[in-house]
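Architecture and fold: a report
The chain contents come next:
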Amino acid sequence: MDAQSRGRADEIDPADQWVINPRTGHYELRLADSAEQRRQRPVGTTTRRSASAPTAPSPTAPSPAVPKPRRGDGPPGRRTGRTRKGGGGGPGRRKALVVTGGTLAFLLVGGSVGGYLYYQHLNGNLTITDTVGVGGGFKKDQAINILVIGTDKRSGAGNEGYGDAGSVGHADTTILFHIAKDRSNATALSIPRDLIADIPTCPTKQPDGSTKDIPGTKGTRFNTSLGQEGRDAGCTMRTVKDLTGIDVDSFMMVDFNAVKNLSSAVGGVPVCLEKAVDDKDSKLKLAAGEHRLAGEDALAFVRTRHAFGNESDLDRIKTQQQFLSSMMREMKSKETLTSPKKFFSLAEAATKSLTVDRSLGSIEKLTDLATELKDIDLKNITFTTLPVLDNPAEKVKATVVLNQEQAAPLLQMIRGDVSLTEVEKREQASQEAADADAKARQDALLQGARAPAADVRVDVFNGGGPKGAASTTLNWLQNGKGVSRSANRGNAPAKVGATQLEYAPNQADQARALAEMMGLPATAMRMGTADAGAKTPMKLTLGPDFKEPGAPLAPPLPQEVPKDVQRVEADKAVCVK
């Protein structure tokens, strides 16, 4: 079975697995194991889910595990009669965002008749890796960071011809996908594989269930954070955290087959070339103009290093970002949303190509993630690349190093949940104009009388500041500033984006006194609308901008991407140069 046939073993198309039960008159989904699924899978730390394709239900009665179909329902693609409203399989569910061009494509399969049974089948397709001490999954009320890894492992029919046939599978393409806390936008940060980085010591689960520490390596290529010396995706997650300062919630990993199978399942991905290409290494040969690429051609397009730009890995990253953007547009197009055949092909192709950690280790968990992403418009998704420079230590340039001047503000924006999209910027600009008067009123909060230190009542919380910040601040206030009516309340109920002081109107003199001691700016002041009781304390929550008591807070987050940082907008089709 060749790579493009994965998900169609034994010439079985899942879209054709809906049969009518002569006893009930309703359609039911019946799936039999394909030859690929019947093949015995090796036991190790990376495993397929134990759920296999379900057996066909008895013809005498519908399967009890499957929600009973309503009268008039037909199989996907063959529905007749009136369309039901408000069901789980409606357009709202189907437009779930396809992360990085396809790894969540199967989430487009809605809750149609027999959906439960088909989900169980898809669960059996997933491969799960146990990572140690990293990840843990996303939280619904926080920003989400998913690490998407494309490996260069040559497994699968036809892939051995791409060189290095014995590769253990390095982190060839790595994208940190950041989804905003308010789910309005997302940023996809590509990390160059040839970036020189420090790989930390990584605890890795072994086949016998034990844990082995893989020693760290300083000053080596980033792509060796996976595969080399037995490192798993958890090590790549650790390396990304050390490199960016961003906590990774989960990972999703795909191989060469994902590009071939997903591009074929969607009916080809549209691309545009400014000039003709004839690359003997990748075997990509295309005329200038527009093309629709699938299978081997699609893989060659994203693998080529000599066809575009200055023939570097950085230009290949741009090509990959444009390809993924086009694939995302294709998957959200009307032609895909209205094609049950494409839905099922995408579902099979995506799940069979996907490796995840336990936090995303089922279709249900992946559906939860898709629910968080489904309303993000493509115009609010930006691809960018971690800024780098040629390695100054090399005469023949082969690796790159971090461009600290450009990377620092970019990473600060991502950590601070600031959108990179131009659409968001324009909306923010109009909002900033409306906020001008509000800022003037905010500055006025620092004007007026100050209460004596002994009269200041305040509870101190740590909402994202340095460890022990609340305790340190309490000691400083009581012993250094005479604020005896202060208390350490430990960690705040939730983290805050910046240090803030909450107080009532009749506590304004106390707030001004405390702000002057602490060096708090007007933007940190949060005055309520109702007066407080005589003995009610104010609430000081220390955020990530807090350094130490009395020191100025860290400057506000940058709101503009550095001028020369490369970006690709997911909703825009451009020709590859």
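Everything discussed here concerns the structure shown above.
Residues numbered from 1 in each chain as written. Predicted model: local features only at pLDDT ≥ 70, side-chain atom pairs only at ≥ 80, totals over all residues. Heavy atoms only, no water.

Points about unusual backbone geometry
Both trends apply: most residues other than glycine have a negative phi, and most peptide bonds are in trans. Despite not being glycine, Arg183 shows a phi value in the positive range, around 60°. For Arg183, the location among the structural elements is in the loop between strand S6 (171-179) and strand S7 (186-191). Overall, Arg183 belongs to the buried group, its relative accessible area being 12%. (Helix = DSSP H or I, 4+ residues; strand = E, 2+ residues; numbered from the N terminus. Buried < 20%, exposed > 50% of the residue type's maximum accessible area, 1.4 Å probe, protein only.)

Here we look at the state of the cysteines
Here, the word disulfide means a covalent bond between the sulfur atoms of two cysteines. All chains considered together, the criterion is met by two disulfides. Two residues, Cys272 and Cys575, share a disulfide whose sulfurs are 1.8 Å apart. Given an S-S torsion of about 55°, the disulfide between Cys272 and Cys575 has right-handed geometry. Taken as a pair, Cys272 in strand S13 (residues 269-273) and Cys575 in the segment after strand S26 (567-569) lie far apart in primary sequence, 303 residues in all. A residue is classified by how much of its surface remains accessible, and Cys272, at 15% relative accessible area, is buried. When the cysteines engaged in disulfides are numbered in sequence order, the protein pairs them as 1-2, 3-4. (Disulfide = S-S within 2.5 Å.)

Details of the sheet that holds strand S22 (residues 485-491)
Taken in spatial order, the five strands of this open sheet run S22-S21-S25-S23-S24, and their pairing is mixed. The strands lining the two open edges of the sheet, one partner per strand, are S22 and strand S24 (525-527). With direction set aside, neighbouring strand axes in the sheet form an average angle of 20°. Of the pairings in the sheet, the one linking strand S21 (residues 457-462) to S22 comprises five bridges and is parallel in character. The residue bridging Val460 from the neighbouring strand is Asn488, located in S22. Sheet contacts for helix H14 (residues 469-480): S21, S22 and strand S25 (538-542); angle to S22, the most-contacted strand, approximately 175°. (Pairing = 2+ DSSP bridges. Axes fitted to C-alpha atoms, helices over the stretch in contact; angles between N-to-C directions. Contact = heavy atoms within 4.5 Å.)

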